[in-house]
Amino acid sequence: FIKSPIRELKNLPGWAELDEMIKASDDWVASERYYFIAKMMCHSGNYGIGVKEFRENVLEKSRGTVALSPTEGAEYLSNYHSMFQEIREWHRDIERQLRATRYLFNLFGHPWYFSGSFDVTNFKECYAFIPQSTVGIITHIAITKMQEYIEKEKRDWDILQNNHDSFLVQSPENEWEECQHKMKELINQRLVAPNGEEFYMKSEGQVGRNWGPWKAKKNEDGLKIVKI
C-alpha cells in the first residue's frame, strides 16, 4: 500500500478492510489513535506547523488524551514532509510571491493583500489563505445554487448548515438520493491550480436522521457515508 500510487489504492485487494481498520483506530487506546494523529498532522503540516505547536495541537484537540513526545512529533512531521516534498516547495512559492507583490489570490481569483511583517508566524497564516479561502467560496457557491434549485424545482428541502467545507440539507426520506446527487454536483466544482492544472474537488456524502456521526449501538440514526 505504501508503494502504490495514491490513485490506485482503492483498487488494491484488501484496501476496504485496511481503510476501515485505520478509521476504527479512533476507538483504540490514545497512543494508537493513528487516524486522528494523521488528520492533525496533515491539516497542520500543510500550513507549516512546528513540532512544539503540533504536539500542543494534538493534545488540545484530543482533550488531553493523546500526548506525543518531542521525538514522536518530530518523526510524524518529518515522515509526512519526506513523502510530500512539494508542500514545502509550495510554501516557498507563497513566500516569494508575497515578498514580490504582497498579494495572494484564491482559485476563484479573489485577492488578499498582506500588510504584515514577513516572519514565520505570519507566513503560516499566508499558507492557509489560498486553500481555506477557496474551500469556503466553494461551499458558498454550492449553497447559493442549491437554494436556487430548491426554489426553481419547488423541492421541500431545507439548507440547515454551512460548515465551511461541507453543507447540510434536509429532505423527505424518499428524496435523499436525488438530494445527495444535487449536493455532490454543486460542491464538486471545476478549479484551476496556479500552475494551470484543471481539476474537480472531490466529495463524499452522508445520510442520517440526526446530525451526529453514525455509531453502532450508540447512534444508528446518525450520519453515515453513502456511495453516490
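My aim in this report is to walk through the structure given alongside it, one point at a time. Per chain, residue numbering runs from 1 following the sequence as it is written. Only residues with pLDDT of at least 70 get local features here, since the model is predicted, and only at 80 or more are side-chain atom pairs given and counted; chain-wide, interface and lining totals rely on the full set of residues. Working from all heavy atoms in the structure, the side-chain values ignore hydrogens and water.

1. What about the overall build of the protein chain?
Defined as follows: Only DSSP runs of H or I reaching four residues or more are called helices, and only runs of E reaching two or more are called strands; each is numbered from the N terminus. For every residue, the accessible area obtained with a 1.4 Å probe (protein chains only) is divided by the maximum for its type, and the residue is called buried under 20%, exposed over 50%, and partly exposed between those limits. Only heavy atoms enter the contact rule, under which two residues are in contact if any of them lie within 4.5 Å. Areas reported as accessible are Shrake-Rupley estimates using a 1.4 Å probe. Residue values count occlusion only from the protein chains shown. We score Asp and Glu as negative and Lys and Arg as positive, and we do not count His or the chain ends. The atom standing in for a charge is NZ when the residue is Lys, CZ when it is Arg, CG when it is Asp and CD when it is Glu.
The number of helices and strands found in the protein chain is seven helices and eight strands. Seen along its three principal axes, the alpha-carbon backbone of the protein chain occupies a region of about 50 × 45 × 35 Å. Out of the 228 residues belonging to the protein chain, those deemed buried represent 29%. Of the contacts made within the protein chain by residues no fewer than 6 positions apart, 40% connect residues no fewer than 24 positions apart. Summed over all atoms, the accessible surface of the protein chain reaches about 15400 Å², with 52% contributed by carbon and sulfur. Side chains of the protein chain give 30 positive and 34 negative charges; the mean places of these two sets differ by 2 Å.

2. Side note on the nonpolar core
Applicable threshold: Think of a nonpolar core as a cluster: buried Ala, Val, Leu, Ile, Met, Phe, Trp, Tyr and Cys residues, connected wherever their side-chain atoms sit within 4.5 Å.
Counting 14 residues, the largest nonpolar core has Met146, Trp157, Phe167, Val169 and Met183 as its most contacted members. Elements with a contribution of two residues or more to this core: helix 6 (120-153), strand 4 (167-170) and helix 7 (176-187). When residues in this core are grouped by element, the largest group, six residues, is from helix 6. Apart from the residues lying within four places of it in its own chain, the contact partners of tryptophan 157 are Met146, Tyr149, Ile150, Val169, Gln170, Ser171, Pro172, Glu175, Glu178, Cys179 and Lys182. Counting residues in hydrophobic clusters, the runner-up holds twelve residues, among them Ile37, Ile49, Phe54 and Ile87.

3. Points about the packing of helix 2 (residues 34-45) against helix 4 (residues 70-83)
To keep it simple, the criterion reads: Where helices are involved, their axes are fitted lines through C-alpha atoms of the stretch in contact, as for all axes, and angles between N-to-C directions lie from 0 to 180°. Each crossing gets its handedness from the near helix: less than a right angle anticlockwise from the far helix is left-handed, clockwise is right-handed. Residue polarity follows a fixed list, in which Ala, Val, Leu, Ile, Met, Phe, Trp, Tyr, Cys and Pro are nonpolar, Asp, Glu, Lys and Arg are charged, and the others, Gly among them, are polar.
Where helix 2 contacts helix 4, the two axes come as close as 10 Å, and the packing angle between them is 65°. Our pair here, helix 2 against helix 4, has a crossing hand that is right-handed. Where helix 2 abuts helix 4, its residues Tyr34, Ile37, Met41, Cys42 and Gly45 lie against Tyr76, Leu77, Tyr80 and His81. Considered class by class, the residues forming the contact of helix 2 with helix 4 number seven nonpolar, two polar and no charged.

4. Observations regarding the pairing of strand 4
Consecutive side chains of a regular strand alternate in pointing toward one face of the sheet and then the other. Applied cut-off: Strand pairing requires that DSSP identify at least two bridges connecting the strands.
Where strand 3 (residues 158-162) and strand 4 come together, four bridges link them in antiparallel fashion. Within strand 4, the position partnered with aspartate 158 by the bridge is glutamine 170. The antiparallel hairpin formed by strand 3 and strand 4 contains four residues in its connecting segment, where histidine 164 sits at a positive phi of about 70°.

5. Looking at the pattern of salt bridges
Under the convention used in this document: Here, a salt bridge means any side-chain nitrogen of Lys or Arg that lies within 4 Å of a carboxyl oxygen of Asp or Glu.
Applying the stated criterion across every chain yields a total of eleven salt bridges. As a salt-bridge pair, aspartate 221 and arginine 209 come within 3.4 Å of each other at their nearest N and O atoms. Residue aspartate 221 is found in the loop between strand 7 (205-207) and strand 8 (224-226), and its partner arginine 209 is found in the loop between strand 7 and strand 8; the two are separated by twelve residues along the sequence. The partly exposed category is assigned to aspartate 221, whose relative accessible area is 38%. Owing to a relative accessible area of 61%, arginine 209 belongs among the exposed residues under this scheme. Among the ionic contacts, a cluster of salt bridges with common partners joins Glu173, Arg209 and Asp221.

That's the geometry; what it means functionally is another story.
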